[in-house]
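Each chain, letter by letter, is given below.
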Amino acid sequence: MNNDSITSCNWPVEPATNETLPGPDYYVKAILFPIILAINTVGNFLILVVLGTDKNKTSVHVYLISVACFDLSVVWLELYTYLPLVLPDQVKDETYLRNFINFYGAQTFWQNTSMQASNWTLIVFGLERLYATIRPLQFRTAMSIRRAIYLELVVVMLAVLSNLKYPISWYYALQHSPDLALQDLAAEAQYLTPGLFGWENVQNKADIGIQIANWIAIFTIDCCLLTVLHRHLETRKTLFHAPERAPAVSRSSQSSGSALRLVIACSALYVFTMALPITCNILLIAKEPPHCSYYITTKTLDLLSGLGTMSLLVNYSAGIFLYCLTWKRSPR
């Protein structure tokens, strides 16, 4: 069914642009993405090697290994859309274009699933650290590696379910398009059934709602962890005025402190880097029908979207720096 009744906003007609000349967003992506990809690959691979060879594994290892795997998926799947940007001649090849179109739905699905799973793992990790700091004795009996694995499986299952719309809508529209040559997700709407089209509208709003909810949740958890850590340090200073009176810090305490600092740093990175992508998505929804409540030029929105995409990818690539700065149990 064609959805030709989609309304449009009465925005000013923008001047024609020369599509043969790359815009500012092109240079942002073309220059920054290879750097981010290299950092992401090397950094997350080192994290997997270090944590995977650690003999004293805990629930923290489960979360960090999961996040490293998800982060690798997010950035490497972005390479799929980066190559046509810098190698436009390849897109003209019929075989390459066919493979690109056939894989696009799966790529979008797993990339969004990986992002969602990584974000929710960070929330679970933060809640666990908060519980471990506030109720350390109960935490030791309640949490285990097996339970952390179960929680991670639940996170992955929820992430998969929340993104099923992408492959279903894409491949349905692909099969019902006259030339089987959809170019992007925006082109599929006219070939969807009313039910799938309604699902797409709900999904688009839900994605923004989930992003905002994730941002608020991680920001709140980060503030709580900082407050708890500050009170812990103040209590330690009060009880042990002189350094020589302070008890020796055990290895398990060092590990717990490192995990706490790491989750605080990861949460702070998420809050900072995800602010721009969320803002871009809100501006895009506000500009398009049926809202039509805020106008921003396409050129400006493309530039902000390019910067937002790179900011988002930085969030999934800078873990190695945070790990090196906060983790004190790295083998020498």
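What you see is a predicted model, and the numbers here were worked out from it, not measured in a lab. (Residues numbered from 1 in each chain as written. Predicted model: local features only at pLDDT ≥ 70, side-chain atom pairs only at ≥ 80, totals over all residues. Heavy atoms only, no water.)

J.: Teacher, can you tell me more about the overall build of the protein here?
T.: Assigned secondary structure in the protein consists of twelve helices and zero strands. Mapped from its N terminus to its C terminus, the protein presents α and β elements in the order α-α-α-α-α-α-α-α-α-α-α-α. Counting contacts in the protein only where the partners sit at least 6 residues apart, residues at least 24 apart contribute 79% of the total. As displayed, the protein offers around 18400 Å² of accessible surface, 66% of which is attributable to carbon and sulfur atoms. (Helix = DSSP H or I, 4+ residues; strand = E, 2+ residues; numbered from the N terminus. Contact = heavy atoms within 4.5 Å. Areas by Shrake-Rupley, 256 points an atom, 1.4 Å probe, with all protein chains shown as cover.)

J.: Where do I start with the side chain of Asp222 in this structure?
T.: The topology assignment puts Asp222 in helix α8 (residues 194-239). With no salt bridge to any partner, buried Asp222 finds its closest opposite charge in Arg261, at an N-O distance of 12 Å. Not counting chain neighbours up to four residues away, the residues in contact with Asp222 comprise Ile264, Ser267 and Ala268. (Buried < 20%, exposed > 50% of the residue type's maximum accessible area, 1.4 Å probe, protein only. Lys, Arg positive; Asp, Glu negative; His and termini not counted. Salt bridge = Lys/Arg side-chain N within 4 Å of Asp/Glu carboxyl O.)

J.: Quick question: what am I supposed to make of helix α2 (residues 59-86) here?
T.: For an α-helix, the turn length of 3.6 residues means that residues three or four places apart are oriented alike. Taking 1.5 Å per residue, 28 residues should reach 40 Å; α2 reaches 41 Å between its end C-alpha atoms and fits that length. Summarising burial for α2: 21 of the 28 residues are buried, a large majority. (Expected span 1.5 Å × (residues − 1).)

J.: Honestly, the packing of aromatic side chains in this entry has me stumped. Any pointers?
T.: Any pair of aromatic rings gets described here by the distance separating the centres and the angle formed by the planes. Scanning the model with the defined rule gives six aromatic pairs in all. Seen from their ring centres, Phe33 and Tyr82 are 4.7 Å apart, and the 35° between their planes marks the pair as tilted. Taken together, the residues Phe33 in helix α1 (residues 24-52) and Tyr82 in helix α2 connect sequence positions 49 residues apart. By relative accessible area, Phe33 is classed as buried at 1%. Relative accessible area serves as the criterion here: at 12%, Tyr82 is assigned to the buried category. Centre to centre, the rings of Phe109 and Trp110 are 6.4 Å apart; their planes meet at 55°, and the pair counts as tilted. Residue Trp110 is classed as partly exposed on the basis of its relative accessible area of 32%. (Phe/Tyr/Trp six-rings, centres within 6.5 Å; stacked < 30°, edge-to-face > 60°.)

J.: Sorry if this is basic, but what is going on with the packing of α2 against helix α4 (residues 94-134) here?
T.: The relative placement of two packed helices is expressed as an angle between their axes plus a distance between the axes. α4 packs onto α2 with a crossing angle of 150° between their chain directions and a minimal axis gap of 8 Å. Taken together, the axes of α2 and α4 lie roughly antiparallel to each other. Of the two elements, α2 crosses α4, and the hand of that crossing is left-handed. Of the residues assigned to the contact of α2 with α4, the class counts are 20 nonpolar, nine polar and four charged. (Axes fitted to C-alpha atoms, helices over the stretch in contact; angles between N-to-C directions. Parallel < 35°, antiparallel > 145°, perpendicular 65-115°, else oblique. Left-handed = near helix turned anticlockwise from the far one by under 90°. Nonpolar A, V, L, I, M, F, W, Y, C, P; charged D, E, K, R; others polar.)

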